[in-house]
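# Commentary on secondary and tertiary structure
One letter stands for each residue in the lines below.
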Amino acid sequence: DAWEATAGYDCDFVLFFDCPEDVMTQRLLGRNEGRTDDNIETIKKRFKTFEESSMPVVEYYKGIDKVRWVSSVESPEDVYAKTKAFFDAM
């Protein structure tokens, strides 16, 4: 509701890339970008913040059938194909 009131319109859908915490942690720790905040403690805090701040929005849009889920555990090619299909269907 807040987005619609602020922007003056609602979205066609919400794209949600579903990535389990353990997979996300492995990817972040393995990316070797030299970031000091890529450590277990900070990653867990980021994930918790995401769950607390973003998941209520996802749940709201899920309740009105506007969430499009993509498993991000699959290959990059599969994730792209599934994501593209949602936009192609518009």
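For the structure itself, consult the block above.
Residues numbered from 1 in each chain as written. Predicted model: local features only at pLDDT ≥ 70, side-chain atom pairs only at ≥ 80, totals over all residues. Heavy atoms only, no water.

### Describing the packing of aromatic side chains
Short version of the rule: Aromatic pairs are defined between Phe, Tyr and Trp rings, using the six-membered ring for Trp, whenever the two ring centres lie within 6.5 Å; interplanar angles under 30 degrees are classed as stacked, those over 60 as edge-to-face, and all others as tilted. Secondary structure elements follow DSSP: runs of H or I no shorter than four residues count as helices, runs of E no shorter than two count as strands, and numbering proceeds from the N terminus. The classification of residues rests on relative accessible area computed with a 1.4 Å probe and restricted to protein chains. Under 20% of the type maximum is buried, over 50% is exposed, and intermediate values are partly exposed.
Taken as a whole, this structure holds six aromatic pairs when the rule is applied. Ring centres of Phe-16 and Trp-69 lie 4.6 Å apart, and the angle between their planes is 70 degrees; on these two criteria the pair is classed as edge-to-face. Of this pair, Phe-16 sits in strand S1 (residues 14-18) while Trp-69 sits in strand S2 (residues 67-71), and the two are 53 residues apart along the sequence. Residue classification places Phe-16 among the buried residues on the basis of a relative accessible area of 7%.

### Observations regarding the layout of surface pockets
Quick reminder of the rule: Site definitions follow a grid-based scheme: protein atoms alone, a 1 Å grid, a 1.4 Å probe that fits but cannot get out for cavities, and for pockets an open set with protein on both sides within 12 Å along at least five of seven lines, plus lining residues having an atom within 4 Å of a point. Grid points are joined across faces, edges and corners, and a volume is the space filled by probe spheres set on the points. Each residue gets one label: Ala, Val, Leu, Ile, Met, Phe, Trp, Tyr, Cys and Pro are nonpolar, Asp, Glu, Lys and Arg are charged, and the others, such as Gly, are polar.
Estimates place the volume of the largest pocket at around 250 Å³. Phe-17, Asp-18, Cys-19, Phe-47 and Phe-50 are the residues nearest the centre of the largest pocket, which is lined by 13 residues in total. Split by residue class, the lining of the largest pocket holds eight nonpolar, one polar and four charged.

### Quick look at the side chain of Lys-66
Counted only if it meets this: We call two N or O atoms a polar contact when they sit within 3.5 Å, provided that within protein one can donate a hydrogen and the other can accept it, with sequence-adjacent residues counted only if both atoms are side-chain atoms. The contact definition used throughout considers only heavy atoms, calling two residues in contact when any of these lie within 4.5 Å.
Note on placement: Lys-66 falls in the loop between helix H4 (55-63) and S2. For Lys-66, the side chain forms a polar contact with the side chain of Asp-10, separated by 3.1 Å. When near neighbours in sequence (up to four residues on either side) are disregarded, Lys-66 contacts Asp-10, Cys-11, Asp-12, Phe-13, Val-14 and Tyr-61.

### Description of the side chain of Ser-72
Tracing the backbone through its elements, the reader meets Ser-72 in the loop between S2 and helix H5 (76-88). Classification of Ser-72 by relative accessible area gives buried; the value is 10%. A polar atom in the side chain of Ser-72 sits 2.9 Å from the backbone oxygen of Asp-18. Once residues lying within four places of it in the same chain are set aside, the contact partners of Ser-72 are Phe-17, Asp-18, Cys-19, Arg-27 and Val-79.

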